[in-house]
There are 2 protein chains.
Amino acid sequence: MDAETPVRRRRTRIQTEKRELILNAALDVFSQHGFRGATIDQIAEAAGMSKPNLLYYFRSKEAMFTTLIERLLQTWLAPLRELDDIGDPIGELRSYIRRKLEMARDYPRESRLFANEILQGAPRIQHLIEGELKPLVDEKAALIKGWMKAGKIARTDPWHLIFSIWATTQHYADFDVQVRAVLGPDRGGDGRFEDAARYLEQLFLEGLRPKA
Amino acid sequence: MDAETPVRRRRTRIQTEKRELILNAALDVFSQHGFRGATIDQIAEAAGMSKPNLLYYFRSKEAMFTTLIERLLQTWLAPLRELDDIGDPIGELRSYIRRKLEMARDYPRESRLFANEILQGAPRIQHLIEGELKPLVDEKAALIKGWMKAGKIARTDPWHLIFSIWATTQHYADFDVQVRAVLGPDRGGDGRFEDAARYLEQLFLEGLRPKA
DNA sequence: CGCATTTTTGACCGATTGGACAAACGTTAG
DNA sequence: CTAACGTTTGTCCAATCGGTCAAAAATGCG
């Protein structure tokens, strides 16, 4: 434990602050260039400190990355964890979609960092996907399956349902450049997330077939 | 023109073959590591030739990448180009979704290469997105809007509709590692694309609301 | 064959990379 | 003050990067 801390003792106030500063800068750089594309110098400049100083707080580039992505995965999965059997199923799914879309809007760097890692085969987080993400998805898939059996939502594949929610919402963070370019300056402005929210709600609830 | 060709004259048979060989190897490496993460040595090894030899056929790493991605974009947009007013709208959309999913299955490297480039802000293909992709999407969005006005499909946002088709289908190529890990060895086998096809058809046509 | 052209390679280059290290600096407690 | 500890930096290093170049090898052609 505390493998990436420069000292063995408890962290000082400065250490806590500087580590946060560095992680924020690292998130900027990693999410834009990927792990290999990012350089320690870039992160150091973004954090406003020298390279050796940065390596005083994190023993290596890899230590920054893993600290960042392990923390990220927790906040990333939080909305799915909140999916439960309390409200009505349709409402639960609707608010899960809404929360995921809000995360794409508010935390695009985190989304891109995660996407980048998965794209490259998840070499650094495979154990987290199999040990943490998969069990959670399986659990929620069972929950959704129950809703289907109870006739609360249409019968379909719950795993692919979850995939489609991830895909459609994270698309607005990961492919933001493309989305904005295609929508153009008017329709691609700040309102694009409200438009997306409206569209996705209709898609997931009603589909595209016209009502008789 | 012919900017990346080593010679000004017509291409020899060997040049044509070796260039294809190199591009295939480059697609492997670029799609896995991104532009900056990929090295010429890696590509050379994957192609089974020496680095200087590779640079005899392509004047630079960038030349390989742009050749690759410009060619890729054409095949990538082909299914959307085929979307037209001939058949019935629902059938047109259904087969567009199916074709895109088949492309994710058969050309995952191309999908990841494209995703990687967009993720990093599309620094090398912004002009293609604005000059080629956007007009095409606008044209097809108008077509879809016509279908809505004619009552053939439900009224919604045609641009976001296209985004959601891209997102859901390409997800199976770009996030393949995650998909397979979550589905597990049984459900994540070769059948996952058929499962996805069935699920997506239902999602886009009927949505999740149970039928009364 | 002999010659010109195309193809391939080993050696090399300057720039950049992640990281090490000791010295210097700052801060605080006694 | 000073000793101890935490922080910062300039300098340096080996490895790797994209790319060059001259020379060798292979090929095509009369």
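Everything below is about the structure shown above.
So, here is what we can say about the structure in this document. Residue indices begin from 1 for each chain and proceed along its sequence in written order. Key to labels: chains lettered from A, ligands numbered from 1, both in the order written. Reporting in this predicted model follows two pLDDT cut-offs: at least 70 for local features of residues, and 80 or more for side-chain atom pairs to be given and counted; totals over whole chains, interfaces and linings ignore these cut-offs and use all residues. Remark: hydrogens and water are excluded; side-chain values derive from all non-hydrogen atoms of the structure.

Per the convention used, a helix needs a DSSP run of H or I reaching at least four residues, while a strand needs a run of E reaching at least two, with both numbered from the N terminus. Along the backbone of chain A there are ten helices and zero strands. The linear arrangement of helices and strands in chain A, starting from the amino end, is α-α-α-α-α-α-α-α-α-α. With the C-alpha coordinates aligned to their principal axes, the bounding extent of chain A is approximately 65 × 40 × 30 Å. Across the 212 residues of chain A, 53% fall into the buried class. Residues are treated as being in contact if the distance between any of their heavy atoms lies within 4.5 Å. Taking contacts inside chain A between residues at least 6 apart in sequence as the whole, the part at least 24 apart equals 65%. Here the Shrake-Rupley method, with its probe set to 1.4 Å, supplies the accessible areas, and only the displayed protein chains count as covering residues. Within the structure as shown, chain A displays about 9800 Å² of accessible surface, and the carbon and sulfur contribution to it stands at 49%. A positive count includes Lys and Arg, and a negative count includes Asp and Glu. His and the chain ends are not counted in either. Throughout, a charge is located at the NZ atom of Lys, the CZ atom of Arg, the CG atom of Asp or the CD atom of Glu. Positive and negative side-chain charges of chain A, numbering 33 and 31 respectively, have mean locations separated by a distance of 3 Å. Buried, partly exposed and exposed residues are distinguished by accessible area as a fraction of the type maximum, computed with a 1.4 Å probe on protein chains only: under 20%, between the cut-offs, and over 50%, respectively.

Turning our eyes to something else, we now look at the protein's contact with DNA strand D. One heavy atom suffices: a residue is near a molecule or strand as soon as one of its heavy atoms comes within 4 Å of it. Taken together, 19 residues form the shell around DNA strand D, and within it Thr 12, Gln 15, Asn 53 and Tyr 57 of chain A together with Lys 61 of chain B come nearest. Considering DNA strand D, the proportion of its atoms within 4 Å of the protein that are sugar or phosphate atoms stands at 55%. A 3.5 Å cut-off defines polar contacts: any pair of N or O atoms within that distance qualifies, except that in protein one atom must be a possible hydrogen donor and the other a possible acceptor, and neighbouring residues in sequence count only when both atoms are side-chain atoms. A distance of 2.8 Å separates a phosphate oxygen of DNA strand D from a polar atom in the side chain of Lys 18 of chain A. Contact between DNA strand D and Tyr 57 of chain A: a phosphate oxygen at 2.6 Å from a side-chain N or O atom of the residue. Listed by contribution, the elements that provide at least two residues to the surface near DNA strand D are helix H1 (13–37) and helix H3 (51–57) of chain A together with helix H3 (51–57) of chain B. Residues are grouped as follows: Ala, Val, Leu, Ile, Met, Phe, Trp, Tyr, Cys and Pro are nonpolar; Asp, Glu, Lys and Arg are charged; every other residue, Gly included, is polar. When its residues are assigned to classes, the surface near DNA strand D shows eight nonpolar, six polar and five charged.

This brings us to the protein's contact with DNA strand C. Near DNA strand C you find 17 residues, and of these Lys 61 of chain A together with Thr 12, Gln 15, Lys 18 and Tyr 57 of chain B are the closest. Each atom of DNA strand C within 4 Å of the protein was classed as base or backbone; sugar and phosphate made up 57%. At 3.1 Å, a backbone N or O of Ile 40 of chain A approaches a phosphate oxygen of DNA strand C. A distance of 2.8 Å is found between a phosphate oxygen of DNA strand C and a side-chain nitrogen or oxygen belonging to Tyr 56 of chain B. Broken down by secondary-structure element, the contributors of at least two residues to the surface near DNA strand C are H3 of chain A together with helix H1 (13–37) and H3 of chain B.

Working definition: a ring pair exists when centres of Phe, Tyr or Trp rings (six-membered ring for Trp) sit within 6.5 Å. Plane angles under 30 degrees give stacked, over 60 give edge-to-face, the rest tilted. For the structure shown, the criterion picks out 14 aromatic pairs over all chains. Ring plane angle 15° and centroid distance 5.8 Å describe the contact between Phe 30 of chain A and Phe 35 of chain A, whose orientation is recorded as stacked. Phe 35 of chain A matches Phe 30 of chain A in its accessibility class, with the two residues each being buried. When the centroid spacing of 5.1 Å and the interplanar angle of 90° are considered together, the rings of Phe 30 of chain A and Phe 65 of chain A count as edge-to-face. Placement of the pair is Phe 30 of chain A in helix H1 and Phe 65 of chain A in helix H4 (residues 61–82), with a sequence separation of 35 residues. As far as burial versus exposure is concerned, Phe 30 of chain A and Phe 65 of chain A are alike and both buried. When the NZ atom of lysine or the CZ atom of arginine is within 6 Å of a ring's centre and also within 35 degrees of its normal, the charge is said to sit over that ring. The ring of Phe 35 of chain A is capped by Arg 124 of chain A, whose NZ or CZ atom sits 4.0 Å from the centre of that ring. The cationic tip of Lys 61 of chain B hangs over the ring face of Phe 35 of chain B; the distance from NZ or CZ to the ring centre is 4.7 Å.

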